[in-house]
Structures are given as structure tokens and as C-alpha cells.
Amino acid sequence: QVQLVESGGGLVQPGGSLRLSCAASGRIFSSYVTGWFRQAPGKEREFVAAISWSGGRTLYADSVKGRFTISRDNAKNTVYLQMNSLKPEDTAVYYCAAEVNTGRIEGRARKYDYWGQGTQVTVSS
């Protein structure tokens, strides 16, 4: 079992920055892939970024490449999503997820086994 709790969301102006955190507990954190997804009102959940268990490999959606950075601190059981140059279209609920079976970084939501409750990010002037 893995428990995931996101934090760090909020209201930010276009062009601003936020850093999301996802604190994990349960299964050994350094043994699984973690990812970030987001879901805007009326839209399907979409992939944002993922990171391997070691932090050595990352994957990003084209829409956030160059603006967002995913990282993890295995000593703190936490994964981060640094979001810069935020745009109104980044507004969504952001979810942290864990993939515990294959060790492959994935962009498909159905491959993830555990999910957090989400944190709201609103980009607006």
C-alpha cells in the first residue's frame, strides 16, 4: 500500500511559479515510479510528468516541457513538481501517482496503482 498526499497548490498569476509536493508513506518510496497528472473541469485527466525511482530518468508532456521540472528526494519520501511560467491553461487539479509494479516511467494513467487526493492550481490574473 502507498499513501500519497499532495500540497502546494494555490492561486498564481500568469507567468508565476508554484512548487507542488507529494509526500508518500507505506511502501518503500525509492522502489517505485512517481508521476504527476492533472485534470481541468470538463476534461480528462492528462499526464504531466513522471520520474524513475532513482530520479535518473524523467518524462514530460509536451505542453509543460521546459516550464515544469519533476524531482524527488528519497530521503524525505517526497516528489516535487516545480512549475514556472504558468499559463491559465495550466489551471487544474494536480494529482500525484505511484506505479509500483513495472519500474517503467509511464504517461498512461491506467498504469498507475495509487493516487493522491489532488491539489488545486489556479492560474489567473
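Residues numbered from 1 in each chain as written. Predicted model: local features only at pLDDT ≥ 70, side-chain atom pairs only at ≥ 80, totals over all residues. Heavy atoms only, no water.

A. Main features of the side chain of serine 52. Positionally, serine 52 belongs in the loop between strand 5 (46-51) and strand 6 (58-60). Judged by relative accessible area, which is 1%, serine 52 ranks as buried. Of the polar contacts made by the side chain of serine 52, one reaches the backbone nitrogen of glycine 56; its length is 3.2 Å. Once residues lying within four places of it in the same chain are set aside, the contact partners of serine 52 are Val33, Arg57, Arg72 and Ile105. (Helix = DSSP H or I, 4+ residues; strand = E, 2+ residues; numbered from the N terminus. Buried < 20%, exposed > 50% of the residue type's maximum accessible area, 1.4 Å probe, protein only. Polar contact = N/O pair within 3.5 Å; in protein donor to acceptor, adjacent residues only side chain to side chain. Contact = heavy atoms within 4.5 Å.)

B. Structural detail: the nonpolar core. Grouped together as the largest cluster of nonpolar side chains are 37 residues, with contacts concentrated most on Trp36, Leu81, Met83 and Tyr94. Broken down by secondary-structure element, the contributors of at least two residues to this core are strand 1 (2-7), strand 3 (18-26), strand 4 (33-39), strand 5, strand 7 (68-73), strand 8 (78-83), strand 9 (92-99) and strand 11 (119-123). Those residues in contact with tyrosine 94, other than ones at most four positions away along the chain, are Glu6, Leu20, Trp36, Phe37, Arg38, Val48, Phe68, Leu81, Met83, Gly118, Thr119 and Val121. (Core = buried A, V, L, I, M, F, W, Y, C linked by side-chain atoms within 4.5 Å.)

C. Fine view of the pattern of salt bridges. In this structure the tally under the stated criterion is five salt bridges. Residues glutamate 46 and arginine 38 are paired through a salt bridge, measuring 2.5 Å at the closest nitrogen-oxygen approach. Between arginine 38 and aspartate 90 there is a salt bridge whose closest N-O contact spans 2.9 Å. Note that arginine 38 is positioned in strand 4 and aspartate 90 in the loop between strand 8 and strand 9, a separation of 52 residues in sequence. Judged by its relative accessible area of 5%, arginine 38 falls in the buried class. Overall, aspartate 90 belongs to the buried group, its relative accessible area being 1%. A single network of salt bridges, built from pairs that share partners, joins Arg38, Glu46, Arg67 and Asp90. (Salt bridge = Lys/Arg side-chain N within 4 Å of Asp/Glu carboxyl O.)

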